[in-house]
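Examining the three-dimensional arrangement
Chain by chain, the residues:
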Protein chains: 2
Amino acid sequence: MAAPATTAAATASYPKVSTKHISLPTNHHLNLGFLSQNPIRIRPLSRSCSRPPMRVLATSATAPVIETGNSSSSVVPTIVDVDLGDRSYPIYIGSGLLNQPDLLQRHIHGKRVLVVTNTTVAPLYLDKVVSALTVGNPDVTVENVILPDGEKYKDMDTLMKVFDKAIESRLDRRCTFVALGGGVIGDMCGYAAASFLRGVNFIQIPTTVMAQVDSSVGGKTGINHRLGKNLIGAFYQPQCVLIDTNTLNTLPDRELASGLAEVIKYGLIRDAPFFEWQEKNMQALISRDPDAFTYAIKRSCENKAEVVSQDEKESGLRATLNLGHTFGHAIETSYGYGHWLHGEAVAAGTVMAVDMSYRLGWIDESIVERVNNILKLANLPTSPPEMMTVDMFKSVMAVDKKVADGLLRLILLKGPLGSCVFTGDYDRIALDETLHAFCKS
Amino acid sequence: MAAPATTAAATASYPKVSTKHISLPTNHHLNLGFLSQNPIRIRPLSRSCSRPPMRVLATSATAPVIETGNSSSSVVPTIVDVDLGDRSYPIYIGSGLLNQPDLLQRHIHGKRVLVVTNTTVAPLYLDKVVSALTVGNPDVTVENVILPDGEKYKDMDTLMKVFDKAIESRLDRRCTFVALGGGVIGDMCGYAAASFLRGVNFIQIPTTVMAQVDSSVGGKTGINHRLGKNLIGAFYQPQCVLIDTNTLNTLPDRELASGLAEVIKYGLIRDAPFFEWQEKNMQALISRDPDAFTYAIKRSCENKAEVVSQDEKESGLRATLNLGHTFGHAIETSYGYGHWLHGEAVAAGTVMAVDMSYRLGWIDESIVERVNNILKLANLPTSPPEMMTVDMFKSVMAVDKKVADGLLRLILLKGPLGSCVFTGDYDRIALDETLHAFCKS
């Protein structure tokens, strides 16, 4: 049992730097009351990271000064480990982590870095990330490629821009790709890293709730095809995931809510106490309470890490993370990217999956109500767009990745809150009834 | 020590079929005199394959009749194992193996197959392969996609045709992709299989010497970028490689010679006795002596399998398989695909690498002469095209995958015949001298 992160004083100095010893302020920004619910996967940074935070400002007045923001920049990150043998990696979570260059720099192996980001995120965080990569580290050079923002650009044409930039910059096998942005950027940058020279290192710096609680963790990468989402891609794990919760300060409300759809999912499929916590704290999340968010992200990453560690390539268990996604993908594909956000489609898809579970007699009506209520509290939709038809759903669902030998398998709730199944063994009539209940034609 | 393959009578019947027992003719087509040079990796098919060859013709007169060709269709395949832990797979080598449906069918896991081939190979072998996949196996359905033939089509646009076909055919994760053709088809189909739904099964059926002795084995897949070869791809291993040496009967002379460049490579980098065998038997290979070819393919695959087993992801040793390829890729990229075949460029590149090794004082002059002589015997070029300039070489070599942190590493011969190094530690003057010796400007 590790003690709460803040009780470990991170005062050991990093061997390479060394001349000055800094005493660090204790962390006064993380409310760790939540941690007692799931303390065993928390460990203090000092266990694996002997370099003190903010070393750069302390050791070199001539080095580029990194914006300190508020005093939370001295936070000791929470670390969640994704255990995948020789592909294991840490997720660092905390506010102001982009002000701790050593966190990123320890995961850069060569001298060349390509930051992949988009037109929305670049003006906000690109300079900060470039500083974090290069300060005190003059041998490293950083290129960047700024892609258009939006799910509709998650395609082969946009991906080729990443390859073009990498090749024109003469990056080699020892380079590192850094994904700076939301889920679309992470998925595309990851797939580009998996494919460039048959695989180079990459790092995820997710800047949306959606990416921080879900898509940046677990190594699913890829792009969309005009006929369906994520049909082309790779399982490819990053070197680390760095979640600076301060990046959420610039996130639009609708994007924030979208990410909460995935947070709610973890509670429904495997973590009833987390769902109950959300029922009590959804208002705090919507109003961006930093402590509530840190906890929700940590708990989500722990759930995801646990599932991915047991089933990296989605032979079974991992598919349960797709609750609501089969219906949701059909909405995104049919309605057109750019109208609804991913989490909005997943929210409506979750209501449909829950409805179907209830029609099958697999869950109590109370769960249906609680799901509807919590999604409403999170400002998320509880039914698909009006233009959706039964045929639209069926047509996209037929090419879902979870179809095996022609049979569509779905994630459905079964039993008490926090229990689900991934199965093709269900009554087709229930699926038809659900589709007709949510579509006018 | 396994006995030679032909002495094991493959008379055990396959459990599922079974009513008839056929006594098989002993193999009288494989001259196994060569095998004594490297017998330990040979094993008779009966060790892992209990179904007798030609079962189909014997058990069902109404099943589609597979062309038997000559009596070599009853050959017991030579098997070379590629040992990669849970990604291990067999290479089957023999004449008429496409007449043995069980060899392919045992590696098909789902009910759907996509054969990826090209406009040259499809008229020759597509029907035969479809029969081999489906005869006695009515549950399996086979789609195909026929791509234009040639290295210049090994690009993203052509790759997308494979994804389009797979998605329009609603193939799912349990499908199998089959690469039927030369190296270009194998590389593209393999990368498509690696990426479709984040990875599906695939099988290699190489139909050129180049693919049979090199590119189909070891899991390197990918496509070209306009700035260089194979810059986008994946390491992705097939379920099996099936080499029917009869397919070489339809191979043009120039393609045949091109493949021999890779055969010669194995001798130079790690197998002096094989090189000496080639010096004595090159005429037999050029005149397509089947026994000589079976041996050359087997020995090449053994060499490749051994290297790949030790270094799947090319962290060092595996790079030695690229002798001559860095110079060769520069020729292919600068001269334009379609003018020279891959092996022709590799042959000229090998001469340049050998020249440079000699300039460095790392090998005897006799090796330089022997390399020139054997390439001439194989009807391969021994110098680059006249249009190549020093700058063209340098420009392409700068984006080679073997560049690390800006330093170009090369495969060079060092020591007695059959010894090489992969190194960035060489005198740049020797490289410059070699480039100037082979270029007019």
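Every chain begins its residue count from 1, and numbering advances along the sequence as written. Key to labels: chains lettered from A, ligands numbered from 1, both in the order written. Owing to the predicted nature of the model, reporting of local features is limited to residues with pLDDT of at least 70; listing and counting of side-chain atom pairs is limited to 80 or more, with chain, interface and lining totals taken over all residues. To obtain the side-chain values, all non-hydrogen atoms of the structure were used and water was disregarded.

1. Considering the relation of the copies chain A and chain B
For clarity, the cut-off: Only residues with pLDDT of at least 70 in both copies contribute their C-alpha atoms to the least-squares superposition of the copies. Pairs of residues are marked as contacts when any of their non-hydrogen atoms sit within 4.5 Å.
Once turned by 180 degrees and shifted 0.0 Å along the axis, chain A lies on chain B with an RMSD of 0.0 Å. Expressed as a symmetry operation, the mapping of one chain copy onto the other fits a two-fold axis. Across chain A, the smallest distance between a C-alpha and the rotation axis is recorded for A:Met156, namely 4.2 Å. Counting the interface residues of chain A, we find that 100% of their copies in chain B are interface residues as well, pointing to one common contact surface.

2. With respect to helix 12 (residues 365–377) of chain B
Residues and elements named next belong to chain B. Spelled out, the test is: Numbering of helices and strands runs from the N terminus; a helix is a DSSP stretch of H or I covering at least four residues, while a strand is a stretch of E covering at least two. Expected helix span is given by 1.5 Å per residue-to-residue step, counting one fewer step than there are residues. Exposure is judged per residue with a 1.4 Å probe applied to protein chains only, and the accessible area is read against the type maximum: over 50% gives exposed, under 20% gives buried, and values in between give partly exposed.
Spanning 13 residues, helix 12 covers 19 Å between terminal C-alpha atoms, matching the ideal 18 Å at 1.5 Å per step. Taken residue by residue, helix 12 has Ile367, Val368, Val371, Asn372, Ile374 and Leu375 as its buried positions. Looking at the buried residues of helix 12, the elements they touch are helix 7 (253–270), helix 8 (272–286), helix 11 (342–359) and strand 12 (410–413). Looking one or two residues past helix 12, Asn379 carries a phi angle of roughly 60 degrees, positive in sign.

3. Observations regarding the packing of helix 8 of chain B against helix 12 of chain B
Residue and element names in this part refer to chain B. Defined as follows: In this analysis, axes come from line fits to C-alpha atoms, helices being fitted only over the stretch in contact, and the angle between any two N-to-C directions falls in the range 0 to 180 degrees. Orientation is classified from the angle alone, with under 35 degrees giving roughly parallel, over 145 giving roughly antiparallel, 65 to 115 giving roughly perpendicular, and any other angle giving oblique. The sense of a crossing depends on the near helix, which, turned anticlockwise from the far helix by less than a right angle, makes the crossing left-handed and, turned clockwise, makes it right-handed. Under the grouping applied here, Gly and all other residues not named as nonpolar or charged are polar, the nonpolar ones being Ala, Val, Leu, Ile, Met, Phe, Trp, Tyr, Cys and Pro and the charged ones Asp, Glu, Lys and Arg.
Orientation of helix 8 relative to helix 12, taken along the N-to-C sense of each, is 20 degrees, at an axis distance of 9 Å. Relative to helix 12, the element helix 8 lies roughly parallel. Two packed elements cross with a definite hand, and for helix 8 against helix 12 that hand is left-handed. On helix 12, the residues touching Phe275, Glu276, Gln278, Glu279, Met282 and Ile286 of helix 8 are Arg370, Val371, Ile374 and Leu377. When its residues are assigned to classes, the contact of helix 8 with helix 12 shows 6 nonpolar, 1 polar and 3 charged.

4. Focus: the packing of aromatic side chains
In plain terms, the rule: Aromatic rings from Phe, Tyr and Trp, taking only the six-membered ring of Trp, are treated as a pair when their centres fall within 6.5 Å; an angle between ring planes under 30 degrees marks them as stacked, one over 60 as edge-to-face, and anything in between as tilted.
The final tally for this structure, using the stated rule, is 14 aromatic pairs over all chains. Pairing B:Phe274 with B:Tyr295 gives two aromatic rings, centres 6.2 Å apart and planes at 90 degrees, and the pair type is edge-to-face. In this pair, B:Phe274 sits in helix 8 while B:Tyr295 sits in helix 9 (residues 290–310), placing the two residues 21 residues apart along the sequence. Pair check on accessibility: B:Phe274 and B:Tyr295 agree, each one buried. Among the aromatic residues, those joined into a ring-pair cluster are A:Phe274, A:Trp277 and A:Tyr295.

5. Examining the domain arrangement of chain A
All names here are of chain A. Heads up, the condition is: Where each domain starts and ends comes from a domain assignment, either automatic or drawn from a database. Buried area counts how much accessible surface, traced with a 1.4 Å probe, disappears from two parts once they are put together, with both parts' losses summed. By definition, a salt bridge exists where a carboxyl oxygen of Asp or Glu is found within 4 Å of a side-chain nitrogen of Lys or Arg. Polar contact criterion, stated in full: a pair of N or O atoms within 3.5 Å, where within protein one must be able to donate a hydrogen and the other to accept it, and residues adjacent in sequence count only if both atoms are side-chain atoms.
Each assigned domain of chain A is listed with its residue range as follows: domain 1 (78–251) and domain 2 (302–438). Just the C-alpha atoms count here: the centres of domain 1 and domain 2 sit 28 Å apart. Counting residues at the interface gives 24 residues for domain 1, matched by 19 residues for domain 2. Summing both partners gives a buried area of about 1800 Å² for domain 1 against domain 2, and 57% of it is carried by carbon and sulfur. Linking domain 1 to domain 2 there are 4 salt bridges. For Glu314, the salt bridge identified is with Lys220, shortest N-O distance 2.4 Å. Where domain 1 touches domain 2, the interface holds 9 residue pairs in polar contact (both at pLDDT 80 or more). Taken together, the elements giving at least two residues each to the side of domain 1 that touches domain 2 come down to strand 1 (78–82), helix 6 (209–215), strand 7 (220–225) and strand 8 (228–235).

6. As for the packing of helix 4 (residues 156–168) of chain A against helix 5 (residues 183–195) of chain A
Residue and element names in this part refer to chain A. Put simply, helix 4 and helix 5 touch, their axes get as near as 10 Å, and they point 55 degrees apart. Considering their axes alone, helix 4 and helix 5 lie oblique with respect to each other. In the packing of helix 4 onto helix 5, the handedness of the crossing is right-handed. Residue-level contacts link Thr158, Leu159, Val162 and Phe163 of helix 4 to Met188, Tyr191, Ala192 and Ser195 of helix 5. A class-by-class count of the residues in the contact of helix 4 with helix 5 yields 6 nonpolar, 2 polar and no charged.

7. Quick look at unusual backbone geometry
Residues and elements named next belong to chain A. The phi angle at Asn230 is positive, at roughly 55 degrees, despite the residue not being glycine. Considering the arrangement of structural elements, one finds Asn230 in strand 8. Looking at Asn230, the relative accessible area reads 9%, which means it is buried. Look at Asn379: it is not a glycine, yet its phi comes out positive at around 60 degrees. Mapped onto the elements, Asn379 comes out in the loop between helix 12 (365–377) and helix 13 (390–397).

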